[in-house]
Amino acid sequence: QVLLEESGGGLVQAGGSLRLSCAASGGIFSRYIVGWFRQAPGKEREFVAAINWYSYNTNYGDSVLGRFTISRDNVKNMAYLQMNSLKPEDTAVYYCAADTSATAWVSNEYHIWGQGTQVTVSS
């Protein structure tokens, strides 16, 4: 199965942009649905976005719709989360997740997770 490593987090001012990357290794990346989730201190994990195997479909959480864009490159074994118009409430640890099962698309229950990358948006 793949291993996932996120990068690209950091500190940004409100209204700014960041691009998160998720590097996959050790498996056939195109077999996996990829999701991005986030968790802020004291809050439950929140679904952010997902993309299916060959980018035919994407899905977004209501709080990021229209501001964030998920994409993937199966040749480079990479997934991305472009975050625009960032708000202080977007501050969280962002996690990349992957699963081969189509069930994950509906359930948001992924079996493979990265370590996370911190995103902090200042007001």
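Rules behind the numbers
- Sequence order as written defines residue numbering, which begins from 1 separately in each chain.
- The predicted nature of this model means local features are confined to residues of pLDDT at least 70 and side-chain atom pairs, given and counted, to a pLDDT of 80 or more, with totals for whole chains, interfaces and linings taken over all residues.
- Think of the side-chain values as coming from all heavy atoms in the structure, minus any hydrogens and water.
- Any carboxyl oxygen of Asp or Glu that lies within 4 Å of a side-chain nitrogen of Lys or Arg is treated as forming a salt bridge with it.
- For the purposes of this entry, the term helix denotes a DSSP run of H or I that reaches at least four residues, the term strand denotes a run of E that reaches at least two, and both are numbered from the N terminus.
- When a residue's accessible area, from a 1.4 Å probe over protein chains only, is under 20% of the maximum for its type it is buried; when over 50% it is exposed; and in between it is partly exposed.
- Each Phe, Tyr or Trp ring (for Trp, its six-membered ring) is paired with any other whose centre lies within 6.5 Å, and the angle between the two planes then decides the class: stacked below 30 degrees, edge-to-face above 60, tilted in between.
- The criterion is that NZ of a Lys, or CZ of an Arg, lies within 6 Å of the ring centre and within 35 degrees of the ring normal, and then a charge sits over that ring.

Asker: Give me the pattern of salt bridges: which residues, what numbers.
Answerer: In the structure shown here, the tally under the stated rule is 3 salt bridges. Across the salt bridge formed by R38 and D90, the nearest N and O atoms sit 2.8 Å from each other. Highlighted residues: R38 in strand β4 (residues 33-39) and D90 in the loop between β8 (78-83) and β9 (92-99), separated in sequence by 52 residues. In this structure R38 comes out as buried when scored by relative accessible area, which is 5%. In this structure, a network of salt bridges that share partners links the residues R38, E46, R67 and D90.

Asker: Tell me about the packing of aromatic side chains, and name the residues and values.
Answerer: Using the criterion set out here, one finds 6 aromatic pairs in the structure. Between Y95 and W113, the ring centres sit 6.5 Å apart and the planes meet at 75°, which makes this aromatic pair edge-to-face. With Y95 in strand β9 and W113 in strand β10 (residues 112-113), this residue pair connects regions lying 18 residues apart in the sequence. Note on W113: relative accessible area 26%, which makes it partly exposed. Judged by centre distance (6.4 Å) and plane angle (75°), the ring pair of Y110 and W113 falls under edge-to-face. Taking the ring centre of Y80 as reference, the NZ or CZ of R19 above it sits at 3.9 Å. The side chain of R72 reaches across the aromatic face of F29, ending 4.5 Å from its centre.

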